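Overview (structure and organization)
This is what each chain is made of:
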Amino acid sequence: MKDTFVLGGKEFGSRLIIGTGKYRSFDEMKAAHKASGAQMVTVAVNRVPLDRKTESFLDHLDQAMQILPNTAGCFDAEHAIRTSRLAREALGTEWIKLEVIGDPITLLPDNEQTLEAAKILVKEGFIVLPYFTDDLIMAKKLLDAGCPAVMPLAAPIGSGMGVQNPSNLRIMREQLPDATIIVDAGVGVPSDAAIAMELGADAILMNTAIAEAGDAAQMATAMKLAVQAGRLGYLSGRMPKRLYASASSPIQGAIK
């Protein structure tokens, strides 16, 4: 069954979005990207030489991948807007993963500043994918502002703790059935990715879980399969939970 993922008018065969940070070498990054099957890669605009005067991971990306610049390192709407404009000029894309951090220790997002920046960037023609806390009301506001998708966190960036508030993601999916929801941040192991997809996420963005694994390429493969399994599980419809046992071989009609 063909199950494509459409975002910003572009169709993707993979529901896994991958990052570029924390890899031990460019070769390791390239191997992980290939193993992941991802077709979109996020790039931190504030942490890479956009003038290409020195070697960086930009020189080692698969040119077929959709580049998704991000505004990591921005702590207010004004800085995020400036960074987005710089990314558009330097990288030739209107796609932007909008991050406005509210706290330098937890790296939790500032939802209000994110919304403020999103409204301006959407008006300027950007395809804005905002990172925010798993808040249903903020999700609605960001979608109303014109964002084609929302990116709620599963847990703090780089924590690897997995989905901390599954009920919030489930509610968001049920209340926003037509919205594109991409879980961003906090996935640590393949089972975390599967759970997020089983809750109804359309895709997952991850970096640290793959880059900091002992074998990044092998973990990338595992994450690819977990995302696929979780998606199929969600589409299949799970069995109901029961307080008591239910025999796998019912006794009705059994020989007595």
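Scroll up to find the structure this text is about.
Below you will find a few notes about this structure. All of these numbers come straight from a predicted model, not from anything done at the bench.

Looking at the packing of aromatic side chains
- Taken as a whole and judged by the stated rule, the model has two aromatic pairs.
- Here the aromatic rings of Phe5 and Phe12 are separated by 6.1 Å at their centres, their planes lie at 40°, and the arrangement is tilted.
- Under the relative-accessibility criterion, Phe5 is labelled buried at 3%.
- In this structure Phe12 comes out as buried when scored by relative accessible area, which is 3%.
- Through a chain of ring-to-ring contacts, three or more aromatic side chains come together here, namely Phe5, Phe12 and Trp95.

A few points about the pattern of salt bridges
- Scanning the model with the defined rule gives twelve salt bridges in all.
- For Arg15, the salt bridge goes to Asp3, with nearest N and O atoms at 3.0 Å. Remark: Asp3 occurs in the segment before strand S1 (5-7) and Arg15 occurs in the loop between strand S2 (10-12) and strand S3 (16-18); sequence separation between them is twelve residues.
- On the basis of relative accessible area, Arg15 is assigned to the buried category, the value being 8%.
- Judged by its relative accessible area of 25%, Asp3 is partly exposed.
- One salt bridge connects Arg24 with Glu28, and the closest N-O pair in it is separated by 2.8 Å.
- What you see here is one network of salt bridges that share partners, running through Asp3, Arg15 and Arg231.

Digging into a nonpolar patch on the surface
- A surface patch of nonpolar side chains, about 270 Å² in accessible area, is lined by Leu232, Tyr234 and Leu235.
- Taking the relative accessible area as the measure of exposure, Tyr234 reaches 34% and is therefore partly exposed.

Observations concerning the side chain of His33
- Here His33 is to be found in helix H1 (residues 26-36).
- Judged by its relative accessible area of 6%, His33 is buried.
- Setting aside its immediate chain neighbours within four residues, His33 contacts Ile18, Gly19, Thr20, Tyr23, Ala38, Val41, Leu61 and Met65.

Focus on the pairing of strand S7 (residues 127-132)
- For S7, the buried fraction is high: six of the six residues fall into the buried class.
- Here four bridges tie strand S6 (residues 95-98) to S7, and the two strands are oriented parallel to one another. Paired with Lys97 across the bridge in S7 is Leu129.
- For the handedness criterion, the β-α-β arrangement of S6, helix H3 (residues 111-123) and S7 is classed as right-handed.
- Alignment of S7 against strand S8 (residues 151-152), held across two bridges, turns out to be parallel. Residue pairing in the sheet places Tyr131 in a bridge with Met151 of S8.

What to know about the packing of H1 against helix H8 (residues 216-236)
- Where H1 meets H8, the axes come as close as 8 Å, and the angle between the chain directions of the two elements is 20°. Classified by the interaxial angle, the pair formed by H1 and H8 is roughly parallel. At the point where H1 passes H8, the crossing takes the right-handed sense. Mapping the contact onto sequence places Glu28, Ala31, Ala32, Ala35 and Ser36 in H1 and Ala216, Ala217, Ala220, Thr221 and Lys224 in H8.

Rules and cut-offs
- Residues numbered from 1 in each chain as written.
- Predicted model: local features only at pLDDT ≥ 70, side-chain atom pairs only at ≥ 80, totals over all residues.
- Heavy atoms only, no water.
- Phe/Tyr/Trp six-rings, centres within 6.5 Å; stacked < 30°, edge-to-face > 60°.
- Buried < 20%, exposed > 50% of the residue type's maximum accessible area, 1.4 Å probe, protein only.
- Salt bridge = Lys/Arg side-chain N within 4 Å of Asp/Glu carboxyl O.
- Helix = DSSP H or I, 4+ residues; strand = E, 2+ residues; numbered from the N terminus.
- Patch = residues over 30% accessible without salt bridge, like charges linked within 9 Å, V, L, I, M, F, W, Y side chains within 5 Å.
- Areas by Shrake-Rupley, 256 points an atom, 1.4 Å probe, with all protein chains shown as cover.
- Contact = heavy atoms within 4.5 Å.
- Pairing = 2+ DSSP bridges.
- Right-handed = clockwise from strand over helix to strand, strands pointing away.
- Axes fitted to C-alpha atoms, helices over the stretch in contact; angles between N-to-C directions.
- Parallel < 35°, antiparallel > 145°, perpendicular 65-115°, else oblique.
- Left-handed = near helix turned anticlockwise from the far one by under 90°.

That's the geometry; what it means functionally is another story.
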